[in-house]
There are 2 protein chains.
Amino acid sequence: MAQPAPKAQHEMRQRNLSRVLHTLAAGGPLSRAAVAAEIGLTRAAVSTLVDELLRGGLLVEQGPGRSGSVGRPGTQLLLTDRGPCGVGAEIGVDHLAVCVMDLRGDVRVRAVHATRNQGSDPAVVLHALGGMLHTAAERAAGLGLRPAGLTVAVPGLVARDSATVLRAPNLGWHGTDLAAALPTDLGRVTVENEANLGALAELWSAHHVPPEGGPDSFVHVSAEIGIGSALVLDGELLRGAHGFAGELGHLPVRPEGRPCSCGGRGCLETYAGEEAVLRAAGLEPGPGVRLGALTERCEAGDRDALRAVKQAGTALGIALSGAVNLLDPRQVVIGGSLARLAPWLLPPVGRELARRTAVAAGGRSTPVPVTASPLGPDGPLLGAARFAVRAALDEPAGLLRS
Amino acid sequence: MAQPAPKAQHEMRQRNLSRVLHTLAAGGPLSRAAVAAEIGLTRAAVSTLVDELLRGGLLVEQGPGRSGSVGRPGTQLLLTDRGPCGVGAEIGVDHLAVCVMDLRGDVRVRAVHATRNQGSDPAVVLHALGGMLHTAAERAAGLGLRPAGLTVAVPGLVARDSATVLRAPNLGWHGTDLAAALPTDLGRVTVENEANLGALAELWSAHHVPPEGGPDSFVHVSAEIGIGSALVLDGELLRGAHGFAGELGHLPVRPEGRPCSCGGRGCLETYAGEEAVLRAAGLEPGPGVRLGALTERCEAGDRDALRAVKQAGTALGIALSGAVNLLDPRQVVIGGSLARLAPWLLPPVGRELARRTAVAAGGRSTPVPVTASPLGPDGPLLGAARFAVRAALDEPAGLLRS
DNA sequence: GTATTTCGTCATGGCCGTTGACAAATTAGT
DNA sequence: ACTAATTTGTCAACGGCCATGACGAAATAC
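Reading the values: rules and limits
- Residues numbered from 1 in each chain as written.
- Chains lettered and ligands numbered in written order.
- Predicted model: local features only at pLDDT ≥ 70, side-chain atom pairs only at ≥ 80, totals over all residues.
- Heavy atoms only, no water.
- Axes fitted to C-alpha atoms, helices over the stretch in contact; angles between N-to-C directions.
- Helix = DSSP H or I, 4+ residues; strand = E, 2+ residues; numbered from the N terminus.
- Left-handed = near helix turned anticlockwise from the far one by under 90°.
- Contact = heavy atoms within 4.5 Å.
- Near = heavy atom within 4 Å.
- Polar contact = N/O pair within 3.5 Å; in protein donor to acceptor, adjacent residues only side chain to side chain.
- Least-squares fit on C-alpha atoms with pLDDT ≥ 70 in both.
- Buried area = accessible area lost by both parts, 1.4 Å probe.
- Salt bridge = Lys/Arg side-chain N within 4 Å of Asp/Glu carboxyl O.
- Nonpolar A, V, L, I, M, F, W, Y, C, P; charged D, E, K, R; others polar.
- Buried < 20%, exposed > 50% of the residue type's maximum accessible area, 1.4 Å probe, protein only.
- Pairing = 2+ DSSP bridges.
- Domains from an automatic or database assignment.

**Let's talk about the packing of helix H10 (residues 303-327) of chain B against helix H11 (residues 342-357) of chain B**
All names here are of chain B.
Right, so step 1: Running from N to C, H10 and H11 point in directions that differ by 35 degrees, and their axes come no closer than 7 Å. Remark: the crossing between H10 and H11 carries right-handed chirality. Mapping the contact onto sequence places Leu306, Val309, Lys310, Gly313, Thr314, Leu316, Gly317, Ile318, Leu320, Ser321, Val324 and Asn325 in H10 and Trp344, Leu345, Pro348, Val349, Arg351, Glu352, Leu353, Arg356 and Thr357 in H11.

Below is the structure:
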């Protein structure tokens with residue numbers, strides 16, 4: 001009674017419109033007939049859907065395209081590069097970043113500011129971010145783009161309402177409602193953990209080829225100051241009952257080992273966290289001394305650095321073998337700023353995984369492949385923007401102009 | 001062209017029929033109006049759906065029911081206790097079991113045979129099981145029930161096709177196609193890991209109350225000879241990319257500890273597996289000497305037994321804290337034959353979890369609750385039967401008679 | 001140049017949920 | 001006891017949406 005009963009028919013139409021959009025987003029230019037074959041509707045039905053999307057300005061027609069096969073060539077359909085777009089933002093420990101992505105997935109506007117956000121006042125940071133978003137939106141408007149949604153990547157735990165930062169120790173924020181403090185003219189605001197968005201960027205990126213049978217599953221490891229991970233299982237991000245899933249950094253690696261700030265003992269973070277690794281390499285952690293410095297030393301062949309990374313890799317491998325035994329993912333992806341350490345990190349990780357999962361997981365002959373994400377540190381920002389784009393494609397009704 | 005294009009309209013109808021059935025399965029007797037309110041359709045639409053299901057013999061009307069509120073009382077609808085039913089079977093290490101469940105979820109026929117299946121010939125065991133299924137189906141027919149599907153619980157890894165047992169070390173089976181070797185007159189045959197079915201039984205059982213906001217997430221621990229677990233995340237069972245998810249027994253607990261049969265070191269199984277615990281308690285593992293014997297000693301206050309269980313609980317707690325940090329479940333459930341050890345197992349498990357996850361998981365004040373499943377060793381069999389029932393309810397088209 | 005194949009469109013039809021109204025059955029109030 | 005109010009289940013009319021089948025259009029194959 002309260003709400004006017006969701007009309008199952010309209011829902012079906014919306015879903016089919018959305019399926020056309022997603023099919024074109026995934027498969028490049030396609031003809032109506034190809035779309036129909038892909039989503040299992042008839043050509044006639046797809047025609048009406050496409051007409052509606054063309055009139056709404058979400059699709060454009062390219063002239064007849066392919067030849068090489070018999071029959072009349074189809075008119076190629078493409079998502080527009082004008083009109084609605086997604087906006088992504090990233091609040092890092094030492095930078096702010098913003099980018100605007102059109103429906104095709106191309107980044108059209110991008111800006112980064114180096115700032116020091118550790119222990120900062122949320123209001124100040126969010127004001128600065130708001131300014132960046134404002135100028136980015138203006139530049140987008142110059143390209144004929146209008147923002148349809150904003151997604152913000154933060155290095156911390158986000159409540160399941162996707163609006164409030166519960167705990168971001170590296171920023172010093174607790175219980176900050178970002179959605180309320182950011183511009184309202186960019187559409188719905190979604191806040192998400194940066195590791196999660198990095199994993200989604202990996203899942204949705206063009207280089208990522210899903211396995212033959214259905215959606216992918218992988219563990220995506222990243223490291224800002226702590227060690228985080230994101231779990232993509234059957235093509236879906238696992239957020240956890242409270243939104244805390246993926247705390248790889250606190251998997252016990254040596255149960256009675258070093259005490260950890262979390263109150264436990266022997267957590268992965270105390271062996272492979274940034275601070276621990278830097279110390280092991282003989283570097284004094286501090287502002288400016290981050291993983292980048294370690295990477296340089298490794299590239300230079302510094303023995304202490306190499307040894308420290310190897311030890312961290314071993315610890316990471318032990319924790320990951322737990323995750324692999326538990327989740328049976330198709331692969332493990334090293335992303336974020338850790339990706340740059342991959343040349344030295346992957347061998348020990350792979351070694352531990354091979355030791356500890358080969359037979360356990362049912363005698364599979366080849367252990368889980370471990371790869372480094374080519375997106376590297378760009379993952380969270382790109383993932384945020386694409387998250388906004390996909391959210392827009394999910395609701396065509398709100399996008400159709402006129 | 002090959003297949004006649006799935007008609008999206010029929011699919012909608014099927015889904016709505018199924019939603020009516022599931023609503024009644026979950027919510028006991030309801031009126032048409034109540035069903036309509038529950039699934040968000042109009043009363044008129046639900047009326048046509050219900051008529052179809054009544055004519056098909058899947059529902060029955062009870063006389064007008066509730067009073068106590070104003071207005072005309074609705075005629076109560078109920079799933080039939082005749083007609084289609086689900087069949088569950090369990091192949092254990094030392095028993096075979098079969099049960100028949102009607103659409104309401106009531107067990108109507110049940111049979112257990114003690115047999116020794118360790119290292120057995122699959123053909124012999126499956127022949128015996130086939131005989132039990134045959135007599136169970138006959139008894140079901142006497143009650144007016146006709147089997148609509150069979151689900152088999154096995155203590156081993158099952159391929160993602162849900163038909164083939166890849167590896168069941170306790171039975172000594174490898175690559176056995178069960179679906180092909182069982183009676184074909186019981187409907188579609190599904191094979192599933194017993195731990196997974198135990199977890200689903202827990203998820204679907206009447207005593208299980210889902211959290212206010214959406215579906216539940218939990219880790220369900222069980223132990224046949226090895227230590228297995230099943231992961232229910234957001235109301236869905238996680239099977240893993242190869243069907244091997246939940247191998248809790250091979251999480252590293254002491255990375256350089258005891259060598260494990262899997263080739264790794266310090267796996268949970270080497271500390272908390274049945275054989276390890278029995279030895280630690282001073283019992284010689286062997287046929288007939290199983291966890292039951294240990295339970296008796298604990299009940300009798302045997303110090304060695306109590307100490308062994310406590311140590312196992314500590315190891316289990318360490319492994320589980322890894323799982324909890326990674327997955328952020330709403331609770332941990334101890335099921336299967338382990339449930340009987342719960343009085344002695346839960347304290348050390350809870351202690352380790354409290355130490356190692358309290359702050360890590362974002363400062364939540366109360367650690368994850370750990371409970372014992374009241375279903376105990378019945379879980380897998382009941383889960384199998386209910387799995388078959390739910391599969392039937394998912395496809396009303398195949399159930400409607402005449 | 002004709003046959004074949006494929007594409008996109010059109011008119012028709014069927015299915016299905018909604019809308020709005022109505023009779024039936026019960027409770028609340030006088 | 002009688003009326004008003006409320007809720008239930010049903011019916012007829014309506015509208016939306018996809019399927020069907022046929023058609024012209026545009027390319028290739030022989």
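**A closer look at the protein's contact with DNA strand D**
Right, so step 1: Neighbouring residues of DNA strand D: 29 residues in total, closest A:Arg13, A:Asn16, A:Arg72, B:Ser47 and B:Arg72.
Right, so step 2: At the protein interface, 63% of the atoms of DNA strand D within 4 Å belong to sugar or phosphate.
Right, so step 3: Interatomic distance of 2.5 Å between a side-chain N/O atom of A:Arg13 and a phosphate oxygen of DNA strand D.
Right, so step 4: Here a base nitrogen of DNA strand D sits 2.7 Å away from a polar atom, N or O, in the side chain of A:Arg72.
Right, so step 5: Those elements giving two or more residues to the surface near DNA strand D turn out to be helix H1 (8-27) and helix H3 (43-55) of chain A together with helix H2 (32-39) and helix H3 (43-55) of chain B.
Right, so step 6: Here the element with the most residues in the surface near DNA strand D is H1(A); it accounts for five residues.

**A few points about the relation of the copies chain B and chain A**
Right, so step 1: Once turned by 180 degrees and shifted 0.0 Å along the axis, chain B lies on chain A with an RMSD of 0.0 Å. Such values leave the two copies arranged in the relation of a two-fold axis. Of the C-alpha atoms belonging to chain B, the one lying closest to the rotation axis is found on B:Arg254, 3.0 Å away.
Right, so step 2: Interface overlap between copies: 100% of the residues of chain B at the interface are likewise at the interface in chain A, consistent with a symmetric, same-surface contact.

**Overview of the interface of chain B and chain A**
Right, so step 1: If you look at the interface, chain B gives 52 residues, while chain A gives 52 residues.
Right, so step 2: A combined buried area of about 4500 Å² lies between chain B and chain A, and 59% of that area is made up of carbon and sulfur atoms.
Right, so step 3: Taken together, chain B and chain A are joined by five salt bridges.
Right, so step 4: Where A:Asp234 meets B:Arg160, a salt bridge forms, and the shortest distance between an N and an O atom there is 3.8 Å.
Right, so step 5: Across the contact surface, chain B and chain A share 18 residue pairs in polar contact (both at pLDDT 80 or more).
Right, so step 6: Those elements giving two or more residues to the side of chain B that touches chain A turn out to be helix H1 (8-27), strand S12 (227-233), H10 and H11 of chain B.
Right, so step 7: Here the residues of the side of chain B that touches chain A sort into 26 nonpolar, 13 polar and 13 charged.

**Quick look at the pairing of strand S6 (residues 145-154) of chain A**
Residues and elements named next belong to chain A.
Right, so step 1: Most of S6 sits inside the fold, with seven of its 10 residues counted as buried.
Right, so step 2: Of the strand pairs in this sheet, strand S3 (residues 83-91) and S6 are connected by seven bridges, and their pairing is parallel. The residue of S6 that forms the bridge with Ala89 is Val152.
Right, so step 3: Relative to strand S10 (residues 188-193), S6 runs parallel, the two being bridged by six bridges. By the bridge assignment for S10, Ala153 is matched with Glu192.

**Description of the pattern of salt bridges**
All names here are of chain A.
Right, so step 1: Scanning the entire structure with this criterion turns up 30 salt bridges over all chains.
Right, so step 2: Arg307 serves as the salt-bridge partner of Asp304, at 3.0 Å between the closest nitrogen and oxygen. Pair noted here: Asp304 and Arg307 are both in helix H10 (residues 303-327), with a separation of three residues, about one helical turn.
Right, so step 3: For Arg307, a relative accessible area of 41% puts it in the partly exposed group.

**Examining the domain arrangement of chain A**
All names here are of chain A.
Right, so step 1: Here chain A is partitioned into domain 1 (8-79), domain 2 (83-200 + 380-398) and domain 3 (208-373).
Right, so step 2: Distance from the C-alpha centre of domain 1 to the C-alpha centre of domain 2: 30 Å.
Right, so step 3: Taken together, the contact pairs 10 residues of domain 1 with eight residues of domain 2.
Right, so step 4: Between domain 1 and domain 2 the total buried area reaches about 870 Å² when both faces are included, carbon and sulfur atoms providing 66% of it.
Right, so step 5: On the domain 1 side of the interface with domain 2, the three residues burying the most area are His22, Leu58 and Leu79, jointly 52% of the side's total.
Right, so step 6: Our enumeration of links across domain 1 and domain 2 arrives at zero salt bridges.
Right, so step 7: Inspection of the region where domain 1 meets domain 2 yields four residue pairs in polar contact (both at pLDDT 80 or more).
Right, so step 8: Contributing elements (two or more residues each) for the side of domain 1 that touches domain 2: H1 and strand S2 (75-79).

**Digging into the sheet that holds strand S15 (residues 370-372) of chain B**
To summarise the sheet geometry, strands pair through backbone hydrogen bonds and adopt either a parallel or an antiparallel arrangement.
All names here are of chain B.
Right, so step 1: Reading across from one edge, S13-S12-S11-S14-S15 is the order of the five strands in this open sheet, with mixed pairing throughout. Looking at which strands have only one partner, the edges of the open sheet turn out to be strand S13 (236-237) and S15.
Right, so step 2: When S12 meets S13, the two strands line up antiparallel, connected through two bridges. Bridge pairing in S13 links Val232 to Leu237.
Right, so step 3: Packed onto the sheet, H11 meets strand S14 (331-334) and S15 and runs at close to 165 degrees relative to S15.

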